[in-house]
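Coordinate analysis (summary)
One-letter residues, chain by chain:
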Amino acid sequence: MLNKIALIGGGYIGGVLAQEIVQRGLAREIGLVDPAPLVNSADPVDRQQVARKQSVAKGKCLDIAEGLPTIGRDVRLVGSKDYSAIEGADLVINTAGVPRRARPDGTFPSREELLSVNLKVTSEVAEGIMRNCPDATIISIANPLDAIVYTLYKRLNCPRNKLMGMAGQLDSGRYRYFIADAAKISVENVSALVLGGHGDTMVPVRSSCQIAGIPVSKFLDDATLRAIEDRTRKAGGEIVGLLGFGSAFVSPAWAALEMAEALIHDKRKIVPVCAKLDGEYGVNGLFVGVPAILGKNGVEEIVQLDLTDAEKEAFANSVDDVRKTCDEVDRMMKNP
Ligand code: APR
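Residues numbered from 1 in each chain as written. Predicted model: local features only at pLDDT ≥ 70, side-chain atom pairs only at ≥ 80, totals over all residues. Heavy atoms only, no water.

In this structure, the largest pocket occupies an estimated 920 Å³ of space. Lining the largest pocket are 41 residues, and of these Thr 95, Ala 96, Gly 97, Val 98 and Pro 99 sit closest to its centre. Contributing elements (two or more residues each) for the lining of the largest pocket: helix H1 (12-24), helix H4 (115-132), helix H6 (168-183) and helix H8 (235-243). Residue classes in the lining of the largest pocket are distributed as 23 nonpolar, 11 polar and 7 charged. (1 Å grid on protein atoms, 1.4 Å probe; cavity = no way out; pocket = protein on both sides within 12 Å on 5 of 7 lines; lining within 4 Å. Points joined across faces, edges and corners; volume = space filled by probe spheres on them. Helix = DSSP H or I, 4+ residues; strand = E, 2+ residues; numbered from the N terminus. Nonpolar A, V, L, I, M, F, W, Y, C, P; charged D, E, K, R; others polar.)

Here it is as structure tokens:
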């Protein structure tokens, strides 16, 4: 159990995280920061006064705290609109920013289109971490995932083992679920990795996909697997299209907690995460989805897979997309 976990952003994912951290007994204290509802200076003064008193973070913390006697958990919950709530945290999980939302015509933006808004939010996140818990290990979930993790790294200049993004575990979970569903076999039997960037060019690695240790091709034909891999790449958008109000929030929270538990319990578990590459997979200085050993020191080692030629090509293509978005980050950071 950690002493304190900080949650930055108390929206849909932040709410599930807080609830699960309490249920799973992962920390003695949770600090939740969220500035919502924002005070709009164009509103009438009385409306501004109401918004000033309201706090999503405080409200969610109090709601959970009042349920603690019922479920028999002793956890301290601190919520605030400023970053004071995260002071002294050992682990930070960052969800601050806007998610993808379906437009009235049913279309929705790409994750990359969230960049300019979420970049500004990420600068505040980095400042808050620097001021309140500079030594914390960080798991970031906000989108566009790889570019936001890169931004945090540029702002915080922290050791690479202490900063990682959550995407691979979620994307692999989607791939594994679709395989299990098509093969009519338990999800517990399906293992697979999705690597590369957390965008439409992510790489479901078929050569890593097995059902009870047996290659997936023994169970499903090529056309079915192709359709599943395509659906996996677009799975985030499928949920955005269905929900209408935002993006997936339960499975991303569970995926981040899979990572958090590997760190907290020093599991040395291999999990696909967005980690900084310094030459591995032929990539330098970018954060990209790869399998990594997670333990008490964070990202302890990056595992290099023997990909097929086609997978190598798809991975390089996905890295190119991550590089383009990170170049955009560099440009925006130079000319804010
Ligand atoms: N600091 C802290 N929190 C912030 C800040 C900030 N500077 N700016 C915005 N937030 C908060 C919002 O007030 C909101 O409550 O971040 C929260 C985000 O929550 P939701 O809008 O419910 O979004 P959620 O579904 O939780 O997704 C969060 O994860 O998967 C990604 O694309 C998704 O980037 C999005 C993030």
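That covers the picture; the talk isn't over yet.
Attention now goes to the pattern of salt bridges. Applying the stated criterion to the full structure yields 22 salt bridges. Linking Arg 174 and Asp 171 is a salt bridge whose minimum nitrogen-to-oxygen distance equals 3.8 Å. With Arg 174 and Asp 171 both in helix H6 and 3 residues apart, this pair spans about one turn of that helix. An identical accessibility class is assigned to Arg 174 and Asp 171; each is buried. Note that Asp 320 and Arg 323 form a salt bridge whose closest N and O atoms lie 3.1 Å from each other. Here the residue Asp 320 and the residue Arg 323 both occupy positions in helix H10 (residues 309-334), the gap between them amounting to 3 residues, near one helical turn. (Salt bridge = Lys/Arg side-chain N within 4 Å of Asp/Glu carboxyl O. Buried < 20%, exposed > 50% of the residue type's maximum accessible area, 1.4 Å probe, protein only.)

The environment of the ligand is made up of 22 residues, and the closest members are Tyr 12, Ile 13, Asp 34, Tyr 83 and Glu 124. Interatomic distance of 2.8 Å between a backbone N/O atom of Tyr 12 and an oxygen atom of the ligand. A distance of 2.9 Å is found between an oxygen atom of the ligand and a backbone nitrogen or oxygen belonging to Ile 13. Summarising the interface, the protein chains cover 88% of the accessible area of the ligand, which totals 730 Å² for the free molecule. The site holding the ligand turns out to be the largest pocket. Of all the secondary structure elements, the ones that give two or more residues to the shell around the ligand are H1 and H4. (Near = heavy atom within 4 Å. Polar contact = N/O pair within 3.5 Å; in protein donor to acceptor, adjacent residues only side chain to side chain. Areas by Shrake-Rupley, 256 points an atom, 1.4 Å probe, with all protein chains shown as cover. Sits in = over half its atoms within 2 Å of the grid points.)

Next up on the list: the domain arrangement of the chain. Per the domain assignment, the segments making up the chain are domain 1 (2-165) and domain 2 (168-334). Between domain 1 and domain 2, the C-alpha centre-to-centre distance is 23 Å. The interface is formed by 41 residues belonging to domain 1 together with 53 residues belonging to domain 2. Together, the buried faces of domain 1 and domain 2 total about 3900 Å²; carbon and sulfur atoms form 70% of this surface. Of all residues in domain 1, Asp 146, Tyr 150 and Arg 160 give up the largest surface area on contact with domain 2, accounting jointly for 19% of the area buried on that side. Counting every contact that joins domain 1 to domain 2 gives 3 salt bridges. Across the domain 1-domain 2 interface, the total number found is 13 residue pairs in polar contact (both at pLDDT 80 or more). Secondary-structure elements contributing two or more residues to the side of domain 1 that touches domain 2 are strand S1 (2-8), H1, strand S4 (91-94), H4, strand S5 (137-140), helix H5 (145-156) and strand S6 (163-165). (Domains from an automatic or database assignment. Contact = heavy atoms within 4.5 Å. Buried area = accessible area lost by both parts, 1.4 Å probe.)

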